[in-house]
Amino acid sequence: MIPDSACTVTAPDTGNGAPSHPAAIPLMPASQWQRELADAIRDPLELLRLLELDRPELREHALEAARLFPLRVTRSFIARMRKGDPADPLLLQVLPLAAELEHVPGFGSDPVGDLASQRTPGLLQKYHGRALLITTGACAIHCRYCFRRAYPYESAGFRPGQREAIRDALLADPGLEEVILSGGDPLTLANDKLHQLLELLAEIPHLRRVRIHSRLPVVLPSRVDTGLIDTFKRSRFRFVHVIHVNHANEIDPSVAAAVATLRDTGALVLNQAVLLKGINDSAAILAGLSQKLIEIGIMPYYLHLLDRVQGAHHFETDQEKAVQLIKTLQQQLPGYMVPKLVREEQGAPGKTVISAD
């Protein structure tokens, strides 16, 4: 499965080499991240110009593919890309390509069965003991392999008028201990809206944890601001932050510092990556990613096989190769650095762990 922070198309609501023990950066003013988010690049031609890749073949395909699924990427993420390199692993995650225009059998608009698991608009439940809130359709970055790139947020996402229906659904299931905030990206919500959502969840006595799936600490580190930290500290919940890093080049000192600030609240921070052809489908790259994650205090958690969403077939790595990659990592790394290889299958009682034995 692609992590629940995978990105979507709605407008927002509002150098490598990090040290092993980064000091938390001074927390940013509450409006800083919103200004940066508003300044994200949406024009494929502007992205190509910034990266010195203004080539006719790239321009034409990028514009056509972006009409189906818009481009959005923060300038801080662009700053970590190599200029003049069309194969840069960060660029390939966000650049619209001609391959997206091909219709491929076996790929669809709802590859993991989100709509079939909807209990009430905005609330999904697939697995025992936990439920997922589609908090928003907004993201800071539109990953081209996003499994929710065709999700109907207007009809199936959370809206303030649905608060009572969602509260009643959560109250009705005393076996629920955890709610996952997803989207889109829940950290695109302004701090006051996020606080209101957590207050709603606090009314459910049997809930013990809140898990937040977000790409923003990576692609927009300034989001980890004083207001956000205050919001977490005022809540009664224990938080688990699941971030989404696919390549070690995504981690720079600002990301390391943002993660350190989250960890200082007592939260557990995990990573889910997606196995992407041409981006991280080598043992050396995956080992480098795990090592960098551990250096900044993030536990490698899952490595997802691609969810088969229409428009993303060119990212797919076959399962046989994936298993061999995990075997190689097991030979090279301590066990705690090796993520579980998983696939999400519609109707399954949990993630399907793919054994490398």
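Structure first, text after, so check above.
Residues numbered from 1 in each chain as written. Predicted model: local features only at pLDDT ≥ 70, side-chain atom pairs only at ≥ 80, totals over all residues. Heavy atoms only, no water.

### Notes on the pattern of salt bridges
Oppositely charged side chains can form a pair if their charged atoms are brought close together.
Point 1. Within this structure, the stated rule accounts for 21 salt bridges.
Point 2. The shortest N-O distance in the salt bridge between E100 and R149 comes to 3.2 Å. Of this pair, E100 sits in the loop between α5 (91–94) and β1 (118–120) while R149 is found in the loop between β3 (130–134) and α6 (153–156), placing the two residues 49 residues apart along the sequence.
Point 3. A residue is classified by how much of its surface remains accessible, and R149, at 15% relative accessible area, is buried.
Point 4. Residue E178 pairs with R211 through a salt bridge whose shortest N-O separation is 2.7 Å. You can see E178 sitting in strand β4 (residues 178–182) and its partner R211 sitting in strand β5 (residues 209–213), a full 33 residues away along the chain. (Salt bridge = Lys/Arg side-chain N within 4 Å of Asp/Glu carboxyl O. Helix = DSSP H or I, 4+ residues; strand = E, 2+ residues; numbered from the N terminus. Buried < 20%, exposed > 50% of the residue type's maximum accessible area, 1.4 Å probe, protein only.)

### Re empty space enclosed by the protein
Point 1. Each pocket or cavity is described by its volume, and for the largest cavity that value is around 60 Å³.
Point 2. As for the largest cavity, its lining consists of N271, A273, L286, L289, S290, L293, P300, Y301, Y302, L303 and P339.
Point 3. Here the second largest cavity is characterised by a volume of approximately 30 Å³.
Point 4. L187, I212, S214, P217, H241, V242, I243 and L262 together form the lining of the second largest cavity.
Point 5. Considering each element in turn, the lining of the second largest cavity owes the most residues, 3 residues, to strand β6 (residues 238–243).
Point 6. Of the residues that constitute the lining of the second largest cavity, the class distribution is 6 nonpolar, 2 polar and no charged. (1 Å grid on protein atoms, 1.4 Å probe; cavity = no way out; pocket = protein on both sides within 12 Å on 5 of 7 lines; lining within 4 Å. Points joined across faces, edges and corners; volume = space filled by probe spheres on them. Nonpolar A, V, L, I, M, F, W, Y, C, P; charged D, E, K, R; others polar.)

### Section: unusual backbone geometry
Most peptide bonds are trans, and most residues other than glycine sit at a negative phi.
Point 1. Here the bond from G183 into G184 is cis, since omega is 20 degrees, no more than 30 degrees from zero.
Point 2. One non-glycine residue, E52, lies in positive phi territory at about 55 degrees.

### What to know about the pairing of β6
Remember that side chains alternate between the two faces of the sheet whenever the strand is regular.
Point 1. Most of β6 sits out of view: 5 of its 6 residues are buried.
Point 2. Where β6 and strand β7 (residues 268–274) come together, 4 bridges link them in parallel fashion. Directly across from V242, in β7, lies its bridge partner L270.
Point 3. What joins β6 to β7 is helix α11 (residues 253–263), and the crossover it makes is right-handed. (Pairing = 2+ DSSP bridges. Right-handed = clockwise from strand over helix to strand, strands pointing away.)

### With respect to the packing of aromatic side chains
Aromatic ring pairs are defined here through the distance separating the ring centres and the angle between the ring planes.
Point 1. A full pass over the atoms with the stated rule returns 4 aromatic pairs.
Point 2. Between F232 and F239, the ring centres sit 4.8 Å apart and the planes meet at 50 degrees, which makes this aromatic pair tilted.
Point 3. When its relative accessible area of 5% is taken as the criterion, F239 is described as buried.
Point 4. On the numbers, 4.0 Å between centres and 15 degrees between planes, the contact of Y301 with Y302 is stacked.
Point 5. Of the residues examined, Y301 reaches a relative accessible area of 25% and is grouped as partly exposed.
Point 6. Its end group placed over the ring of Y151, R148 keeps NZ or CZ at 6.0 Å from the ring centre.
Point 7. Seen from the ring of W33, R223 lies directly overhead, with NZ or CZ sitting 4.0 Å from the centre. (Phe/Tyr/Trp six-rings, centres within 6.5 Å; stacked < 30°, edge-to-face > 60°. Lys NZ or Arg CZ within 6 Å of the ring centre and 35° of its normal.)

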